[in-house]
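So you can see what is in the structure, the chains are spelled out below.
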Amino acid sequence: MTPLRQGFEGQEQLVRGENMPELPEVETIRRGLAKVIVGRKIVKFESRDAKVVRFDEKDITGLKIEGIDRKAKMLVFELNGDKAILIHLKMTGQLIWEACPGETEFCLKKMKSPSTPFDTAQGGSLRANQRLAGGHPSPDWVAKLPNKHTRAIFSFDDKSVLFFNDVRRFGYLKLYKKSDLGHISELKKLGPEPFSKEFNTEYLIKRAERIPNRKIKQFIIDQEIISGVGNIYVDEALFYAGILPTRAVKDISKTEWQKIVKSIKKALELGLKYGGSSEDTYVDAFGNPGTMNDHTKVYRKKGQPCGKCGTKVERIVLGGRGTHFCPKCQK
Ligand SMILES: [Zn+2]
């Protein structure tokens, strides 16, 4: 290995450690929290860090959580009174919900399946010391909270609490008028959601015409082109589509674009099914690590035989990101 290559490897390690949760991860957290806090009234809100919480405590006290939406990799807590909280977990943000605050022992690690809280939330009784968490996994998942990483605390009318923890403080909570959400900069420049009808072959071809020499992987990973598709899911999607990540977008045929659209959805659906990837920063809202990594075809499979043809999976660095592909199945 040449020193230059080592340099690139080192650089990528840095990036890799700072991976944000991806769309399936954030969606999994959203679904988990939706079961326990939608319909709840915020009886108290405590801000412990003005850099992270960009509004006054009193601005949301007494309001009710009417819904939880996801925009790309951000969460939106919809409140009554035309208000909405935009939450970005960034690299080390965590959302940890606790049924009974102050307990020192809880069942986070004992939870085997997400079906348990789903079931209990639909009629059964919640276990007294239940805790749900999502975002960056760290000892805070099982620590007594609040602690020094706690930046905000929501207290609800059923006595449950939601902690926003963030070691590095890049995450944030911002308050908007619900009706203004469409105009704010974080959301305005995002490309369409991969499961929306705006995301289709014609759209991708139109975008590709403007940047003909962009490599297909870097094209797909661009959040302004498609929302929420990160490194794992791009590599997997391009494997399903049989397309090399280094191809220029101008050389992709219409049939191949159709395959790309289908493959991106397929990769994300698998991510949702398995609760995302746990390798870097992610555990689902019930404390279960995602298992997507057990189901990848090429991602992080360098040197292993391709499941389809047996050829060794290769890895290159593209735009600073580790990129995995089968040199035989992908053209
Ligand atoms: Zn292959």
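All of these numbers come straight from a predicted model, not from anything done at the bench. (Residues numbered from 1 in each chain as written. Predicted model: local features only at pLDDT ≥ 70, side-chain atom pairs only at ≥ 80, totals over all residues.)

A few words now on the confidence of the model for the protein chain. Mean pLDDT for the protein chain: 83, with 79% of residues reaching 70 or above. With pLDDT under 50 throughout, residues 278-282 is counted as low confidence; its partners more than four residues away or in other chains account for 20 contacts. (pLDDT = per-residue confidence, 0-100. Contact = placed C-beta atoms within 7 Å.)

Attention shifts here to the pairing of strand β6 (residues 131-135). For β6, the buried fraction is high: five of the five residues fall into the buried class. Of the two faces of β6, the one holding R131, A133 and G135 and the one holding L132 and G134 are both buried throughout. Taken together, the five bridges between strand β5 (residues 93-98) and β6 define a ladder with antiparallel strand orientation. Residue pairing in the sheet places I96 in a bridge with A133 of β6. (Buried ≥ 20, exposed ≤ 12 C-beta atoms within 10 Å, placed from the backbone. Helix = DSSP H or I, 4+ residues; strand = E, 2+ residues; numbered from the N terminus. Pairing = 2+ DSSP bridges.)

Once that is clear, we can look at unusual backbone geometry. With an omega of 0°, the peptide bond running from L145 to P146 counts as cis. Looking at the element boundaries, P146 is found in the loop between β6 and β7 (150-156). Even without glycine at this site, A72 takes up a positive phi of about 50°. In this structure A72 comes out as buried when scored by C-beta crowding, with 21 C-beta atoms within 10 Å. Despite not being glycine, D82 shows a phi value in the positive range, around 55°. Topologically, D82 is positioned in the loop between β3 (74-79) and β4 (83-88). With 11 C-beta atoms packed within 10 Å, D82 lands in the exposed category.

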